[in-house]
Every structure is written in C-alpha cells, then in structure tokens.
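An overview of the molecular structure
As a plain string of letters, each chain reads:
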Amino acid sequence: MKCLLFFGLLSLLLLGNISAQNDRQTTASSKTGGEEGSELTPYQRVSMYLGHSLFKADPIKRQSEILWGIKGVKPVLEVSEELRGDFSTTALEGKIYSALQAKSIPIDKENGVLLLFRIRGVWDRGKRSLAYTYDLDIIDKVYVFRDGQIKSNFRSIWNVTNMGFAGKDVYENAMLINIESAVERFGISFYEQLDRDIITDTPRQAKLIYQRIRNGEEDITDLLANEELKD
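Keep in mind that this is a model prediction, so the values were computed, not measured. (Residues numbered from 1 in each chain as written. Predicted model: local features only at pLDDT ≥ 70, side-chain atom pairs only at ≥ 80, totals over all residues. Heavy atoms only, no water.)

**Side note on the pairing of strand S2 (residues 113-123)**
Regular strands have side chains that alternate between both faces of the sheet. Filter applied, for reference: Pairs of strands are assigned from DSSP output, requiring at least two bridges between the strands. Secondary structure elements follow DSSP: runs of H or I of four or more residues count as helices, runs of E of two or more count as strands, with numbering from the N terminus. A right-handed crossover is one whose linking path, passing over the helix from the first strand to the second, runs clockwise when the strands point away from the viewer.
In this structure, strand S1 (residues 73-79) lies alongside S2, joined through seven bridges in parallel fashion. Of the residues in S2, the one forming a bridge with leucine 77 is phenylalanine 117. Since S1 and S2 lie parallel, the crossover through helix H3 (residues 89-102) that links them has a hand, and here it is left-handed. Judged from the ten bridges that link them, S2 and strand S3 (residues 129-146) form a sheet pairing that is antiparallel. Note on S3: the bridge partner recorded for isoleucine 119 is tyrosine 134. Adjacent in sequence and paired antiparallel, S2 and S3 are bridged by five residues, among which lysine 127 carries a positive phi angle near 50°.

Encoded structure:
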C-alpha cells in the first residue's frame, strides 16, 4: 500500500514538472513568434521604400528635368502605313543617327531609352502636295498612383511636334531638315539637364572633358570605353 502511494506521488510530481516545462516552452515560443512576426519581409521593406520615395518625390518644374538620368537613347523610326512607300526609311534613319552623333548624344541600341520619330501625312488628290505631321518622343515607363494603387505603362515623357506642307519634289528633303531640327531641340533639353546634373559640383578635369564633348571635340562613347570619365 505504501509503495502504491509512493509511486502515485512520484507520478504526480513528474507530470507537474513536464507540464511546467511545456508551459515555459509555449511561452518562450509565443514570445519568439511575436518578435519574428514584427520583422519586416524583404517585400515589405521594398514596398515601404517605394511608398516613401513616391510621396517625397520632387515635382518636375520644366520639361528638360524629365530627362534626368538618361544615359543613352535607342532611335526608332515609325512612318504611317499610307506614307511608307513615299519615304526612304534608310535615308531617314541615317539622318536620325547622324543628327544624334553630331550633337554627341549617346546612342544605345540595346538598353537606351526609346527615342521615337513618327511621321504621318496625307497627299492631295493629284499627289502634288503632302500635308504632314511629325513627332519626336522619348518613350519611358511611367507610374500612376491613385486610390492606393500603382499602375504602369509606356508613355511619351518628352515631345516635340510640328506640321507642314511640302511639294512632291521636296517633301523628303523637308523631312530630313525636320529630323535635324527635332533632334536639335532634344539636344538642348538633354544637355540642359546634363548641365544641371554634373557641372555644378564636379572636378575641373571632368568639366573640361564635358566641355570638349559639348563642342564636338570628343566622342563620349570612346571616352566611356577608355574609362576617361572616371574621377
């Protein structure tokens, strides 16, 4: 009888010990879980960073500021279906490239921001005169934030457009002149923003190299290849 009582008491003590240990483990586990739950996931961190950047973004005050950070452009020509047989796309594309190179604007066919030159127009009945419009656009991915959601699409962020009339003997030459004029205006905005980015606080050597690029005395692609633009 005494033995039975002894073993009964021992069992109760052992069960009490196990129960207390389980309680302590459960409490520790819940505390740890609470601490882990308060840790932000990488996705949450990125989301918070993007949200903060979105709300603190400075407004764009002039057109050239939209070109901030562009390191190179990818030229593309688009001629409306009605006019494809009337223009030499080879001549127009060549003119776009040569105009960009003349302004020392970097061309990057792989990763550059899309620079789109578009031509639309209509001939009169006798095909003696062409009424046309042209656009030069920088196409980039833009984001819109409304009602707590962000959506994106590719849109024109910089544009120059014009219209004109040209006779059948001069319309192609007129468009080559238009390309040069449009690229000239793009170059003004491109370098206006580049001036703001790098001229104010750069070493004297970098300023001299930059000035040579602006004057057409240096090819920026050669300088980048030779790493001469590093401080």
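**Focus on the packing of aromatic side chains**
Stated formally: Classification of ring pairs rests on two measures: the distance between centres of Phe, Tyr or Trp rings, Trp counted by its six-membered ring, which must be within 6.5 Å, and the angle between planes, read as stacked under 30 degrees, edge-to-face over 60 and tilted in between. Burial classes: relative accessible area under 20% of the type maximum marks a residue as buried, over 50% as exposed, and values in between as partly exposed (1.4 Å probe, protein chains only).
Per the stated rule, a full pass over the model turns up six aromatic pairs. Relative to tyrosine 134, the ring of phenylalanine 117 has its centre 5.7 Å away and its plane inclined at 20°; by these criteria the two rings are stacked. With phenylalanine 117 in strand S2 and tyrosine 134 in strand S3, the pair connects residues that are 17 residues apart, well separated along the chain. Residue classification places tyrosine 134 among the buried residues on the basis of a relative accessible area of 5%. Consider the rings of phenylalanine 186 and phenylalanine 190, whose centres lie 5.9 Å apart with planes at 35°: the pair is tilted. Highlighted residues: phenylalanine 186 and phenylalanine 190, both in helix H4 (residues 171-198), separated by four residues, approximately one helical turn.

**Let's talk about unusual backbone geometry**
A positive phi angle, near 55°, is found at serine 104, a position not held by glycine. Position of serine 104 among the secondary structure elements: in the loop between H3 and S2. Here lysine 127, not a glycine, exhibits a phi torsion of approximately 50°, which is positive. In this structure, lysine 127 sits in the loop between S2 and S3.

**So, the nonpolar core**
Rules: By nonpolar core we mean a set of buried residues, namely Ala, Val, Leu, Ile, Met, Phe, Trp, Tyr and Cys, connected to one another through side-chain atoms within 4.5 Å. The contact definition used throughout considers only heavy atoms, calling two residues in contact when any of these lie within 4.5 Å.
Counting residues in hydrophobic clusters, the biggest one holds 35 residues, and the most contacted among them are Phe87, Phe117, Ile119, Leu136, Ile138 and Phe186. Broken down by secondary-structure element, the contributors of at least two residues to this core are S1, H3, S2, S3, strand S4 (149-167) and H4. The leading source of residues in this core is H4, at nine residues. Non-local contacts of isoleucine 138, meaning those with residues more than four positions away in its chain, are made with Leu67, Ile70, Val73, Val113, Leu114, Leu115, Arg155, Ser156, Ile157, Trp158 and Phe186.

**Considering the sheet that holds S3**
The test is simple: Where helices are involved, their axes are fitted lines through C-alpha atoms of the stretch in contact, as for all axes, and angles between N-to-C directions lie from 0 to 180°.
Across the sheet, which stays open at both edges, the four strands sit in the order S1-S2-S3-S4 with mixed pairing between neighbours. Edge positions in the sheet fall to S1 and S4, since each has one partner strand and no second. With strand direction ignored, the average angle separating the axes of adjacent strands in the sheet is 20°. The pairing of S3 with S4 spans 18 bridges and is classified as antiparallel. By the bridge assignment, serine 129 is partnered in S4 with glycine 167.

**Remarks on the environment of aspartate 140**
Within the secondary structure, aspartate 140 sits in strand S3. Apart from the residues lying within four places of it in its own chain, the contact partners of aspartate 140 are Val113, Asn153, Phe154, Arg155 and Ile157.

**What to know about the confidence of the model for the protein chain**
Condition: Note on scores: pLDDT gives the predictor's confidence for each residue, bounded by 0 and 100.
Predicted confidence across the protein chain gives a mean pLDDT of 78, with 67% of residues reaching 70 or more. When pLDDT is averaged over each element of the protein chain, S1 comes out on top at 97 and helix H1 (residues 2-37) at the bottom at 49. This model gives residues 2-10 a pLDDT under 50, and the stretch forms zero contacts once residues within four places in sequence are excluded.

**What about the pattern of salt bridges?**
Opposite charge on two side chains makes pairing possible when the charged atoms of those side chains draw close. What counts here: By definition here, a salt bridge exists when the distance from a side-chain nitrogen of Lys or Arg to a carboxyl oxygen of Asp or Glu is within 4 Å.
Counting across every chain of the model gives five salt bridges. In this structure, the salt-bridge partner of aspartate 86 is lysine 127, at a minimum N-O distance of 2.9 Å. One end of the pair, aspartate 86, is in the loop between S1 and H3; the other, lysine 127, is in the loop between S2 and S3, and 41 residues separate them in sequence. We classify aspartate 86 as buried; its relative accessible area is 13%.

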